[in-house]
Amino acid sequence: THTTHMHMVEEDGDLPSHGQMAAQATQLLEQLNVLSQAGSSQPQRPVVPSTATSDGSSKVWPPRKKTLEEEDEERYGCSWPELDEKLRFHLNWEVRRETLYYVRNNARKKDPRVMATLKYMAKRDPNINVKMTAAELLIHVGMQTLPEQIWMLGHEDWFTRKNAIDTLEFAAEPEDDAVMTALSLSMQDTSATVREAAVQSLMALARKRKDKAHKFPPFVQSQLLERLHDEDSRVRKCAAHGIAEVASRGDRDLVQKLVQKMTSQVTPIRRGASEVLKKLAFKFNEMNDRSMRPEDEDASPLAQIQKLMLHSD
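Residues numbered from 1 in each chain as written. Predicted model: local features only at pLDDT ≥ 70, side-chain atom pairs only at ≥ 80, totals over all residues. Heavy atoms only, no water.

**Student:** Describe the overall build of the protein, naming the residues involved and giving the relevant values.
**Tutor:** For the protein, the helix and strand inventory stands at 15 helices and two strands. Expressed as a percentage of its 313 residues, the buried residues of the protein come to 38%. When contacts within the protein are restricted to residue pairs at least 6 apart in sequence, those whose partners lie at least 24 apart make up 57%. (Helix = DSSP H or I, 4+ residues; strand = E, 2+ residues; numbered from the N terminus. Buried < 20%, exposed > 50% of the residue type's maximum accessible area, 1.4 Å probe, protein only. Contact = heavy atoms within 4.5 Å.)

Pasting the structure below:
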């Protein structure tokens, strides 16, 4: 049953005449008749009431503004409190995740209620899959993505921090220095998984930031070199892969830094440097073709490996 509320508008002190009121009543009856028709495949546009003025023109009454509850009902098929309760408290995590996808497809951009719920779920939902989905949805719903995700890098839960890194990699522009700085700080995280994710994300953004000569920004290499002394082998290996990708042939400074690390008393540092020198020797084809070696032996990864084999230690 559809009910239309009529509001009589006084304008310039004139009240509608009896004839005008009769015309309005006729229009209402026509509208109700249209709305009551069954079997119509196309919705009929309701007749908008109008009032005839003294000069013979018609003024259309503005439609009544929908309430927030009515908008929710139209957008979601239910009230937002109902949807919010389902998102936060439904016992089945798959239902919670599917409901998140439904919200993503229907939510009004930057709705503060949606933002509050997504932030809550990204931090506190007991299921990892739901947490990740909620964090990703901050992008799709058009929230304050980057500031929110950078803030979440300090979250007490390591998985939430890792999700924030993954989201930054997806959403950030490679020229965003604030994001690059945040990722660099995350390379010192207490969780090895988070540190590894930070290295991977830094490399992913750096690839998009290469110049026309396909060279990486200089700071990337220095950040990766710092991670060669990481206590976790996964982080060291990830950093070694990154350095090998970033390095240019004949980079004497890089090779000498690696040689210096090879003589360190700390085993993880030696292992990390060794991994990079080996990868560079293969990358520049020095293993199979001696002519590929730089004239300066101090810039040759393979030549330095051979010298290190004769080291006293």
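**Student:** Could you give an account of helix H3 (residues 80-89), with specific residues and numbers?
**Tutor:** One full turn of an α-helix is made of 3.6 residues, so residues set three or four places apart face in the same direction. Of all the positions in H3, only Trp 80, Leu 83, Asp 84 and Leu 87 are classed as buried. One side of H3 holds all its buried residues, which, seen down the axis, span an arc of 100°. Opposite the buried face of H3, at more than 90 degrees from it, the exposed residues are Pro 81, Glu 85 and Phe 89. Along its buried surface, H3 packs onto helix H2 (68-76), helix H4 (93-106) and helix H5 (112-124). (Arc of directions from axis to C-beta.)

**Student:** Can you explain the pattern of salt bridges? Please cite residues and give values.
**Tutor:** With the rule as written, the count across this model stands at 15 salt bridges. For Asp 84, the salt bridge goes to Arg 88, with nearest N and O atoms at 3.0 Å. Taken as a pair, Asp 84 and Arg 88 lie in helix H3 at a separation of four residues, close to a single helical turn. Assessed through its relative accessible area of 15%, Asp 84 is described here as buried. Here Arg 88 falls in the partly exposed class, since its relative accessible area comes to 24%. A salt bridge links Arg 207 to Glu 245, with the shortest nitrogen-to-oxygen separation between them at 2.8 Å. Here Glu 245 lies in helix H12 (residues 233-246) and Arg 207 lies in helix H10 (residues 192-208), a separation of 38 residues in the sequence. For Glu 245, a relative accessible area of 31% corresponds to the partly exposed category. (Salt bridge = Lys/Arg side-chain N within 4 Å of Asp/Glu carboxyl O.)

**Student:** Quick one: what's the story with H4, residue by residue and with numbers?
**Tutor:** Taking 1.5 Å of rise per residue, 14 residues should cover 20 Å, and H4 covers 20 Å from first to last C-alpha, within 8% of that figure. Every buried residue belonging to H4 is among Arg 96, Thr 99, Leu 100 and Val 103, and all of these are buried. One side of H4 holds all its buried residues, which, seen down the axis, span an arc of 110°. (Expected span 1.5 Å × (residues − 1).)

**Student:** Go over the nonpolar core, please, and point to the residues and values.
**Tutor:** Formed by 60 residues in total, the largest nonpolar core has its most connected members in Leu 100, Leu 228, Leu 258 and Leu 280. Sort the elements by how many residues they give to this core and H10 lands first, with nine residues. (Core = buried A, V, L, I, M, F, W, Y, C linked by side-chain atoms within 4.5 Å.)

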